[in-house]
Amino acid sequence: MLEAPRSLPKARHPVTPQGPIFGTPPVSIAPMMEKTDRHYRYFIRRITRSTLLYTEMVTASAIIHGDRDYLLGYDESEHPISLQLGGDDPHELARAVRIAEAYGYDEYNLNVGCPSDRVQNGSFGACLMARPERVRDLVAAMRAVTAKPVTVKHRIGIDGRESYDDLLGFVDTVRCAEPARFTVHARIAVLSGLSPKENRTVPPLRYDDVYRLKRDRPDLQIEINGHIETLAQIDDHLSRVDAVMIGRAAYDNPWLFADVDARYFGAAPGSLSTRRDVVEQMLPYLAEWHAAGWPARNVVRHMLGLFAFQPGTRKFKQALSGPEVNADPVGVMRRAVSGIRPEVLDA
Ligand SMILES: Cc1cc2nc3c(=O)[nH]c(=O)nc-3n(C[C@H](O)[C@H](O)[C@H](O)COP(=O)(O)O)c2cc1C
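Residues numbered from 1 in each chain as written. Predicted model: local features only at pLDDT ≥ 70, side-chain atom pairs only at ≥ 80, totals over all residues.

Let us now look at the packing of helix H7 (residues 164–174) against helix H8 (residues 207–216). Contact pair H7 / H8: the axes reach a minimum separation of 11 Å and the direction vectors enclose 50°. Regarding the angle of H7 to H8, the classification is oblique. Read as a crossing pair, H7 and H8 show a hand that is right-handed. Together, Tyr164, Leu167, Leu168 and Val171 of H7 and Asp209, Arg212, Leu213 and Asp216 of H8 make up the contact between the two elements. Per-class residue counts for the contact of H7 with H8 are five nonpolar, no polar and three charged. (Axes fitted to C-alpha atoms, helices over the stretch in contact; angles between N-to-C directions. Helix = DSSP H or I, 4+ residues; strand = E, 2+ residues; numbered from the N terminus. Parallel < 35°, antiparallel > 145°, perpendicular 65-115°, else oblique. Left-handed = near helix turned anticlockwise from the far one by under 90°. Contact = placed C-beta atoms within 7 Å. Nonpolar A, V, L, I, M, F, W, Y, C, P; charged D, E, K, R; others polar.)

Right, dumping it as structure tokens:
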């Protein structure tokens, strides 16, 4: 999460009216704590206009008791955007959704996949997979207070409930509340003994279980997630399920999304930006947050991967990682980019 705000710059783009239902976008960028904050989302929107973006997880009780503008504020250009909520109390989740409605999110997503201790102590996240009826009731409570889609992000299982039949049983129970989509991280979460990070690498990927779920329940919208890193992999998954969610690759290699609008959302190729355009569009944003008294580092850190796998990427990262970025973010950004070859900047 970001540090506490001083004053938040106002939205810089006109409101894009969003219908209550926008179907299942074929590609989305996963909710990631400390990563998919509003600055990352603003940045990645310079690269892809259509990909569905998720917030970091925000707990229902934080929304009820905390600083709402800080937790829920975002720039209008971030649409379409899904607010991911954590919680296990139907009343609290419904209250959080009612509060969030004023902010115009396009979708609400319930976190049933996060395995961290902190989340388990609140008995939500992945451990809710052991309580499918509860998840059904949470979805129903959220749906009762909004016309926007309510979706669920979960694992294929947790320790002790690891079989495909357990997954199917979970989905069949939760579907009674009619969530608009199931996003399935194709690994179980091991709740005893593995850290959240290990839980994203150690349990084996079981894509076949997700494909089978789509085959067995073709009427449900199924999105697959877990270690998907290339457009060719996205293509392959899309031939078997409705949508693909990308996490770490979207953060570490954001330019992966440069072709996504044209390839999956039917955007005209001419509407695409170059990396130079992206940087130019980020400069006023940087200046604005800097002028509002925010550390520019909070914005710049999300841009470090812009030249991943390109010559000059190491120097670019180094140039942006020094303390001077907070004093003169625009100047430091301009200098950092000057080390990148034009054919990379303008590709
Ligand atoms: C740093 C980090 C933070 C994450 N935070 C969340 C979160 O807040 N909510 C959630 O549902 N999943 C969270 N995840 C899991 C991702 O959404 C995703 O399911 C996981 O990284 C697997 O996708 P990937 O292999 O494409 O990265 C997080 C992952 C990372 C790497």
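What follows is about the domain arrangement of the protein chain. By domain assignment, the protein chain separates into domain 1 (27–269) and domain 2 (275–345). Distance between the C-alpha centres of domain 1 and domain 2: 29 Å. Residue-level contacts link 11 residues of domain 1 with 13 residues of domain 2. Those elements that place two or more of their residues in the side of domain 1 that touches domain 2 are helix H1 (38–45) and helix H10 (248–252). Of all the elements, H1 adds the most residues to the side of domain 1 that touches domain 2, at four residues. (Domains from an automatic or database assignment.)

For the ligand, the set of nearby residues contains 23 residues, the closest of which are Ala30, Met32, Met57, Gly247 and Arg248. In terms of residue class, the shell around the ligand is made up of nine nonpolar, eight polar and six charged. (Near = placed C-beta within 6 Å.)

For the rest of this paragraph, the subject is the pairing of strand S6 (residues 150–158). The buried fraction of S6 amounts to nine of the nine residues, a majority that puts the element mostly inside the structure. Looking at chain direction, strand S5 (residues 107–112) and S6 are connected through five bridges and run parallel. Pairing of Val112 across the sheet is with His154, part of S6. A crossover links S6 with its parallel partner strand S7 (residues 181–189), the connecting element being H7, and its sense is right-handed. (Buried ≥ 20, exposed ≤ 12 C-beta atoms within 10 Å, placed from the backbone. Pairing = 2+ DSSP bridges. Right-handed = clockwise from strand over helix to strand, strands pointing away.)

Turning to its location among the elements, Ala94 is positioned in helix H4 (residues 90–100). The exposure class of Ala94 is buried, given the 20 C-beta atoms found within 10 Å. When the C-alpha positions of Ala94 and Ile158 are compared, they lie 26 Å apart, and in sequence the two are 64 residues distant. Look past the residues within four positions of Ala94 in its chain and what remains in contact with it is Ala141, Met142, Ala144 and Val145.

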